[in-house]
Amino acid sequence: MLTIGRAIRTISIILLVAIATSFCASKNFLVVNYQLPAEPKILREASVALVFKDSREDPAIVTKSAKMALKDFSGNFTLIVAQENKNDRLVGAFGLHSMIKQIFKNRLENAGIQVASGEESRETVVEIILKTFKLDLVERKWVINMTYQANLVRQNRFVAGETITGSAERLRVVGSKDAELVVGELITDVVNRLNLSELFK
């Protein structure tokens, strides 16, 4: 029979192992936090259609080294949208394509632009063309690169466009938390850099 002291030590060790395991445990998705900007001007654009296109040469989301570190990552994301003076909103689970489209939908609606449902066609179309999206692990640093082009098309005619490129890095400490942070930071940066006022003028 264990003495009280030994029993307490045994329980403490079990708890420490459990905590360590939880920190190191791998999951098959990444949590992405997108922060909506404070729009300088609310646009009064009529309803638009939002179209996402993937033109990446390499469809892999992560490199081999990043995949080894993330272990069970399946390419899925859980999206949380944050807005100033409002509670963070859990939007749902997405693949890369649907997540990026959802993020731009939130950005457009935050600027006062109504986005039609996927089944509806509109004279005005916002195209988001993804050119690069890659998460890498280089010498214990998470490194991510993203490039996309945003086009405005009216009545099947190109009106305006902007190409935005960004990169970010963060030291890997443990687990996937730092990977999630750097992905959210970069997506927030490149999406919010899109000048909607210029695109729609």
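Residues numbered from 1 in each chain as written. Predicted model: local features only at pLDDT ≥ 70, side-chain atom pairs only at ≥ 80, totals over all residues. Heavy atoms only, no water.

(A) Main features of the overall build of the protein chain. When helices and strands are tallied, the protein chain shows five helices and seven strands. A burial count over the protein chain gives 43% of its 201 residues as buried. Long-range pairs, those at least 24 residues apart, make up 71% of the contacts in the protein chain with a sequence separation of at least 6. Accessible area of the protein chain: about 11600 Å², with a carbon and sulfur share of 55%. (Helix = DSSP H or I, 4+ residues; strand = E, 2+ residues; numbered from the N terminus. Buried < 20%, exposed > 50% of the residue type's maximum accessible area, 1.4 Å probe, protein only. Contact = heavy atoms within 4.5 Å. Areas by Shrake-Rupley, 256 points an atom, 1.4 Å probe, with all protein chains shown as cover.)

(B) Geometry of the environment of Val48. Here Val48 is to be found in the loop between β1 (29-35) and β2 (49-54). For Val48, a relative accessible area of 0% puts it in the buried group. Measuring from C-alpha to C-alpha, the distance between Val48 and Val125 comes to 5.5 Å, with 77 residues separating the pair along the chain. In contact with Val48, not counting residues within four places along its chain, are Ile113, Gln114, Val115, Ala116, Arg122, Thr124, Val126 and Phe200.

(C) Summary view of the sheet that holds strand β6 (residues 141-154). Taken together, the four strands give an open sheet; going across it, the order is β2-β5-β6-β7, and neighbouring strands pair in mixed fashion. This sheet does not close on itself; its edge strands, each paired only once, are β2 and β7 (157-171). Taking the axes of each pair of neighbouring strands and ignoring which way they run, one obtains an average angle of 20° across the sheet. Relative to β6, strand β5 (residues 124-138) runs antiparallel, the two sharing 14 bridges. Its bridge partner lying in β6, Glu127 is registered against Asn151. Lying on the sheet, helix α3 (residues 96-110) is in contact with β2, β5 and β6; it crosses β2 at an angle near 145°. (Pairing = 2+ DSSP bridges. Axes fitted to C-alpha atoms, helices over the stretch in contact; angles between N-to-C directions.)

(D) Inspection of a nonpolar patch on the surface at higher detail. The grouping of Leu171, Val173 and Val174 at the surface amounts to a nonpolar patch, some 260 Å² of accessible area in total. Along the polypeptide, Val173 turns up in the loop between β7 and α4 (177-192). Among the residues examined, Val173 registers a relative accessible area of 58% and is labelled exposed. (Patch = residues over 30% accessible without salt bridge, like charges linked within 9 Å, V, L, I, M, F, W, Y side chains within 5 Å. Salt bridge = Lys/Arg side-chain N within 4 Å of Asp/Glu carboxyl O.)

(E) How the structure looks around unusual backbone geometry. One non-glycine residue, Arg140, lies in positive phi territory at about 65°. The topology assignment puts Arg140 in the loop between β5 and β6. On the basis of relative accessible area, Arg140 is assigned to the partly exposed category, the value being 48%. A positive phi is found at Asn156, a non-glycine position, where the angle reads about 65°. Residue placement: Asn156 occurs in the loop between β6 and β7.

(F) Here's a closer look at the nonpolar core. Counting residues in each nonpolar core, the largest one holds 53 residues, and the members touching the most others are Leu135, Tyr148, Ile187 and Phe200. Once residues within four sequence positions are removed from consideration, Phe200 is found in contact with Leu43, Glu45, Val48, Leu108, Ile113, Val126, Leu152 and Arg154. (Core = buried A, V, L, I, M, F, W, Y, C linked by side-chain atoms within 4.5 Å.)

(G) Layout of the sheet that holds β1. With mixed pairing, three strands are arranged side by side in an open sheet as β1-β3-β4. Whereas interior strands pair on both sides, the edge strands pair on one side only; in this sheet they are β1 and β4 (89-94). This sheet shows a mean twist of 20° between the axes of neighbouring strands, independent of strand direction. Strand direction decides the pairing type here: strand β3 (residues 76-82) and β4, joined by five bridges, are antiparallel. Looking at β4, one finds that Leu79 is bridged to Gly92.

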